[in-house]
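# Structural characterization, general
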Amino acid sequence: MDVGLSAFYTDSQGNKLENPRHLRKSEKALKRLQRRVSKKKKGSRNRKRAINRLGSKHLKVSRQRQEQCPLKRLCAS
């Protein structure tokens, strides 16, 4: 089993699982949410809401990445 960047892993028979690239797929939404945070006035309630939305998006990406690894490991065996 080989773990790499272009393919998530390659086994001894040459089967490849693609790298899902969760962060790359959600970069546009993260960029938009970060821009919304930066436009809000510091200390305002709307800024706190925007920060929470941004944080939840980051958390979603993090959880997708954590969930990815054990599922692929189960499929490989």
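Right above here is the structure, for reference.
Residues numbered from 1 in each chain as written. Predicted model: local features only at pLDDT ≥ 70, side-chain atom pairs only at ≥ 80, totals over all residues. Heavy atoms only, no water.

Helix and strand content of the protein: two helices and three strands. Counting from the amino terminus, helix and strand elements in the protein follow one another as β-β-β-α-α. Counting all 77 residues of the protein, 21% fall into the buried class. Considering only contacts in the protein between residues 6 or more positions apart, those separated by 24 or more positions represent 36%. As displayed, the protein has an accessible area near 6500 Å², and 50% of this comes from carbon and sulfur atoms. (Helix = DSSP H or I, 4+ residues; strand = E, 2+ residues; numbered from the N terminus. Buried < 20%, exposed > 50% of the residue type's maximum accessible area, 1.4 Å probe, protein only. Contact = heavy atoms within 4.5 Å. Areas by Shrake-Rupley, 256 points an atom, 1.4 Å probe, with all protein chains shown as cover.)

This part takes up unusual backbone geometry. Even without being a glycine, Arg21 presents a positive backbone phi close to 50°. If you trace the backbone, Arg21 turns up in the loop between β3 (16–18) and α1 (22–39).

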